[in-house]
Amino acid sequence: MTGNKKYNIAIVGATGAVGQKIIQYLEEEPFQVNNIKLLSSKRSAGTKVKFNGREIVVEEATPTSFKGIDIAFFSAGGSVSEKLAPEAVKSGAIVVDNTSAYRMDENVPLVVPEVNASDLKDHQGIIANPNCSTIQMVVALKPIQEAYGLSRVIVSTYQAVSGAGLDAQDELKEQTKQYLNGEEMTANILPAGADKKHYPIAFNALPQIDVFEDNGYTKEELKMINETKKILHDPDLQVAATCVRLPVFTSHSESVYIETKESSVSVSDIRNVLENGKGIVVEDDPSTQTYPTPLSAAEKKEVFVGRIRKDLDTDNGFHLWVVSDNLVKGAAWNTVQIAQALVNNNLV
Ligand SMILES: NC(=O)c1ccc[n+]([C@@H]2O[C@H](COP(=O)([O-])OP(=O)(O)OC[C@H]3O[C@@H](n4cnc5c(N)ncnc54)[C@H](OP(=O)(O)O)[C@@H]3O)[C@@H](O)[C@H]2O)c1
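Rules behind the numbers
Residues numbered from 1 in each chain as written. Predicted model: local features only at pLDDT ≥ 70, side-chain atom pairs only at ≥ 80, totals over all residues. Heavy atoms only, no water. Helix = DSSP H or I, 4+ residues; strand = E, 2+ residues; numbered from the N terminus. Expected span 1.5 Å × (residues − 1). Buried < 20%, exposed > 50% of the residue type's maximum accessible area, 1.4 Å probe, protein only. Contact = heavy atoms within 4.5 Å. Near = heavy atom within 4 Å. Polar contact = N/O pair within 3.5 Å; in protein donor to acceptor, adjacent residues only side chain to side chain. Areas by Shrake-Rupley, 256 points an atom, 1.4 Å probe, with all protein chains shown as cover. Nonpolar A, V, L, I, M, F, W, Y, C, P; charged D, E, K, R; others polar. Pairing = 2+ DSSP bridges. Right-handed = clockwise from strand over helix to strand, strands pointing away. Axes fitted to C-alpha atoms, helices over the stretch in contact; angles between N-to-C directions. Phe/Tyr/Trp six-rings, centres within 6.5 Å; stacked < 30°, edge-to-face > 60°. Lys NZ or Arg CZ within 6 Å of the ring centre and 35° of its normal. Patch = residues over 30% accessible without salt bridge, like charges linked within 9 Å, V, L, I, M, F, W, Y side chains within 5 Å. Salt bridge = Lys/Arg side-chain N within 4 Å of Asp/Glu carboxyl O. 1 Å grid on protein atoms, 1.4 Å probe; cavity = no way out; pocket = protein on both sides within 12 Å on 5 of 7 lines; lining within 4 Å. Points joined across faces, edges and corners; volume = space filled by probe spheres on them.

Caption draft 1: Geometry of helix 6 (residues 219-231). The terminal C-alpha atoms of helix 6, which comprises 13 residues, lie 18 Å apart, in line with the 18 Å expected from a rise of 1.5 Å per residue. For helix 6, the full list of buried residues reads Glu-220, Glu-221, Leu-222, Lys-223, Met-224, Ile-225, Glu-227, Thr-228 and Ile-231. Lining the buried residues of helix 6 we find helix 3 (113-116), helix 4 (132-148), strand 9 (150-159), strand 10 (238-245) and strand 11 (252-260). Backbone geometry just after helix 6 places His-233 at a positive phi near 55 degrees.

In structure tokens:
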């Protein structure tokens, strides 16, 4: 808890997977909350959600919802942020936006507090929370970049369905039942709600997250590539990504190959900087089969790193296995940490 000031908070998307987690972390009092306004679409308006034991009636989010609000968390999709975040800023609120609407805007800091909290001081009302798979990767990359430089990153992801919202989680549950009952699986959401075709996710792996761009990459892959360069302040960093959805409910896993700028770096050097890195827990011991998994990382705030190996052919190449809860560090906890950093640095 910091200072005596109490803050008026709004959460747009309060009934969603990320919004519910934001409520949970605000209850832990990262800073003092005065009033809290829970906002959704018309669909959920009127429902009641508990905050610190109090029942709060959810209201429909409108341009006039933000009067008197200090910090507004947005987690209701890009089009809602595009429409309402500028209105919130006009009303005097600082927006912490979970969607991709403003991430690559050069006037908007894209922040993972362990990595680039100092970018917050340049904010002009909106701060963007990066993509979930980007967040966990840059937390692991930052201490290596600082110590030995980074020239290249190649990542393949193994992403959970909760990254696609509550409906996608329900779809995996339903398809699992259908498959085990010998019925045909019905697919309406994944790989991308907005795309033409849908495939079952249960007992499957889908090499498509979000829609395709003309260059053959998906939007999710391009988010990882572009956001990583922005957050690590290195437009020349070579980044390639392949993003895959798996039938896992929570936590994204990533196989990350990196090349350091410095040569003669050992595995124990990499392990050492990771062990001392902010927000990282190293779980890595082949002799005891110790490594992080989606289940072991679920509900935790840290980024877990294991399987640290030197590449067998490239002297400055290393492989890492990076796992974190996509709804926690990948979304809600990172946004609450951003708000906490704004409060701690008198930026709100
Ligand atoms: N899940 C993740 O891992 C993750 C990570 C980072 C970022 N994000 C981003 O966060 C956003 C929300 O994700 P989610 O997983 O929480 O989705 P979700 O579970 O589907 O929840 C969506 C939320 O947005 C609200 N909403 C929808 N349309 C609205 C409108 N027109 N006006 C106001 N509120 C509206 C919904 O309210 P109703 O209850 O009324 O429908 C609900 O509260 C997305 O943009 C997503 O890309 C998600």
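This is not the end of the story, as more comes after the structure.
Caption draft 2: Local environment of the site of the ligand. The environment of the ligand is made up of 25 residues, and the closest members are Thr-15, Ala-17, Val-18, Ser-41 and Ser-44. In this structure, an oxygen atom belonging to the ligand sits 3.3 Å away from a main-chain N or O atom of Gly-13. Within the contact set of the ligand, an oxygen atom lies 2.9 Å away from a backbone nitrogen or oxygen of Val-18. Taking 910 Å² as the accessible area of the ligand by itself, protein coverage stands at 77%. When its residues are assigned to classes, the shell around the ligand shows 9 nonpolar, 15 polar and 1 charged.

Caption draft 3: Quick peek at the pairing of strand 2 (residues 32-40). Here strand 1 (residues 6-12) pairs with strand 2 via 6 bridges, running parallel. Paired with Ala-10 across the bridge in strand 2 is Lys-37. With helix 1 (residues 17-26) bridging strand 1 and its parallel neighbour strand 2, the resulting β-α-β unit is right-handed. Bridge count between strand 2 and strand 5 (residues 59-60): 2 bridges; the pairing is parallel. The residue bridging Ser-40 from the neighbouring strand is Glu-60, located in strand 5.

Caption draft 4: The sheet that holds strand 6 (residues 71-74), seen in detail. Across the sheet, 6 strands lie side by side as 5-2-1-6-7-8; this open sheet has parallel pairing. Only two strands of the sheet have a single partner each, and these edge strands are strand 5 and strand 8 (126-128). Against the sheet, helix 2 (residues 78-90) contacts strand 1, strand 6, strand 7 (94-97) and strand 8, and its axis sits at roughly 180 degrees relative to strand 6. This element, helix 9 (residues 328-344), spans strand 1, strand 6, strand 7 and strand 8 of the sheet and lies at about 160 degrees to strand 6.

Caption draft 5: Broad picture of the packing of aromatic side chains. Applying the stated criterion to the full structure yields 5 aromatic pairs. Aromatic pair Tyr-7 and Phe-31: ring centres 5.8 Å apart, planes at 85 degrees, arrangement edge-to-face. Taken together, the residues span a long stretch of sequence, with Tyr-7 in strand 1 and Phe-31 in the loop between helix 1 and strand 2 at a distance of 24 residues. There is no split in this pair, since Tyr-7 and Phe-31 are both buried. A centroid spacing of 5.6 Å and a plane angle of 20 degrees characterise the contact between Phe-66 and Phe-74, whose relative ring orientation is stacked. Phe-66 gets classed as buried once you look at its relative accessible area, which sits at 0%. Overall, the relative accessible area of 1% leaves Phe-74 in the buried class. One residue, Lys-301, lies across the ring of Trp-333, its end atom 4.3 Å from the ring centre.

Caption draft 6: Spatial organisation of the sheet that holds strand 10. One open sheet holds the 6 strands; their spatial order is 10-9-11-14-13-12, and the pairing between them is mixed. The sheet is open, and its two borders are formed by strand 10 and strand 12 (280-282), each paired with just one other strand. Recorded for the sheet is a direction-independent mean angle of 25 degrees between the axes of neighbouring strands. Bridge analysis of strand 9 against strand 10 gives 8 bridges, and the strand direction is parallel.

Caption draft 7: Inspection of a nonpolar patch on the surface at higher detail. The grouping of Tyr-179, Leu-180 and Phe-203 at the surface amounts to a nonpolar patch, some 360 Å² of accessible area in total. Tracing the chain through its elements places Tyr-179 in helix 5 (residues 166-180).

Caption draft 8: Quick peek at the layout of surface pockets. For the second largest pocket, the calculated volume is near 200 Å³. Forming the walls of the second largest pocket are Pro-113, Glu-114, Val-115, Val-139, Lys-142, Pro-143, Glu-146, Ala-147, Val-273, Asn-276, Gly-277 and Lys-278. For the lining of the second largest pocket, the secondary structure elements donating two or more residues are helix 3 and helix 4. By residue number, the principal contributor to the lining of the second largest pocket is helix 4, which donates 5 residues. Residues that form the lining of the second largest pocket fall into these classes: 6 nonpolar, 2 polar and 4 charged.

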